[in-house]
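# Coordinate inspection notes
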Amino acid sequence: QVQLVESGGGLVQAGGSLRLSCASSRSIFTIINMGWYRQAPGKQQRELVVVISSGGTINYVDSVKGRFTISRDNAKNTVYLQMNSLKPEDTAVYYCYADLPDTRRFWGQGTQVTVSS
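Residues numbered from 1 in each chain as written. Predicted model: local features only at pLDDT ≥ 70, side-chain atom pairs only at ≥ 80, totals over all residues. Heavy atoms only, no water.

A full pass over the atoms with the stated rule returns six salt bridges. Two residues, Asp90 and Arg38, come together in a salt bridge whose shortest N-O distance is 3.0 Å. One end of the pair, Asp90, is in the loop between strand E8 (78–83) and strand E9 (92–99); the other, Arg38, is in strand E4 (residues 33–39), and 52 residues separate them in sequence. The two residues Asp90 and Arg38 agree in class, both being buried. (Salt bridge = Lys/Arg side-chain N within 4 Å of Asp/Glu carboxyl O. Helix = DSSP H or I, 4+ residues; strand = E, 2+ residues; numbered from the N terminus. Buried < 20%, exposed > 50% of the residue type's maximum accessible area, 1.4 Å probe, protein only.)

All told, the structure shown has four aromatic pairs when counted by the stated rule. Between Tyr95 and Trp107, the ring centres sit 6.4 Å apart and the planes meet at 90°, which makes this aromatic pair edge-to-face. A residue pair is termed long-range when its members are at least 10 positions apart, and Tyr95 in strand E9 and Trp107 in strand E10 (residues 105–107) qualify at 12 residues. You can call Trp107 partly exposed: its relative accessible area is 35%. Ring geometry for Tyr97 against Trp107: centres 5.8 Å apart, planes inclined by 45°, an arrangement best described as tilted. Taken as a pair, Tyr97 in strand E9 and Trp107 in strand E10 lie far apart in primary sequence, 10 residues in all. Of the residues examined, Tyr97 reaches a relative accessible area of 3% and is grouped as buried. (Phe/Tyr/Trp six-rings, centres within 6.5 Å; stacked < 30°, edge-to-face > 60°.)

This paragraph deals with the environment of Thr111. Take Thr111: it is sitting in strand E11 (residues 111–116). Thr111 gets classed as buried once you look at its relative accessible area, which sits at 11%. Linking Thr111 and Ile58, residues 53 residues apart in sequence, is a C-alpha distance of 21 Å. With near-sequence residues (within four places) excluded, Thr111 lies in contact with Glu6, Gly8, Gly9, Leu20, Ala92, Val93 and Tyr94. (Contact = heavy atoms within 4.5 Å.)

This paragraph deals with the nonpolar core. Residues Met34, Trp36, Phe68, Leu81, Met83 and Tyr94 are the most contacted members of the largest nonpolar core, which totals 28 residues. Elements represented by at least two residues in this core include exactly strand E3 (18–24), E4, strand E5 (47–53), strand E7 (68–73), E8, E9 and E11. The dominant element in this core, judged by the number of residues it contributes, is E9, at four residues. In this view, Met83 contacts Gly16, Ser17, Leu18, Leu20, Arg67, Phe68, Tyr94 and Val113; residues no more than four positions away in its chain are not counted. (Core = buried A, V, L, I, M, F, W, Y, C linked by side-chain atoms within 4.5 Å.)

Shown next as structure tokens:
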């Protein structure tokens, strides 16, 4: 299994930036995919924001392309999400996740991102 610890959320004005971190308790080389989902206020479904595979392939949801950047520090077993040009519609709880080779998915505790207009 794996424990994921998130940090970096907060309150920011529109146009501002935040960086989320997701620290893994195991080597990220042993994780198939990592990334973030988000759940906006009043919505039941989580939306996939970005995923990075162990091989480095990255996919973003269209609404964040050009504004969000995912990266990873292999030595720290940590993945980062740099979020620039934030919009009020980016307001959500962001959940880091990891997919293991045995198909289990694990989640971080979630971090609140609030963008004021």
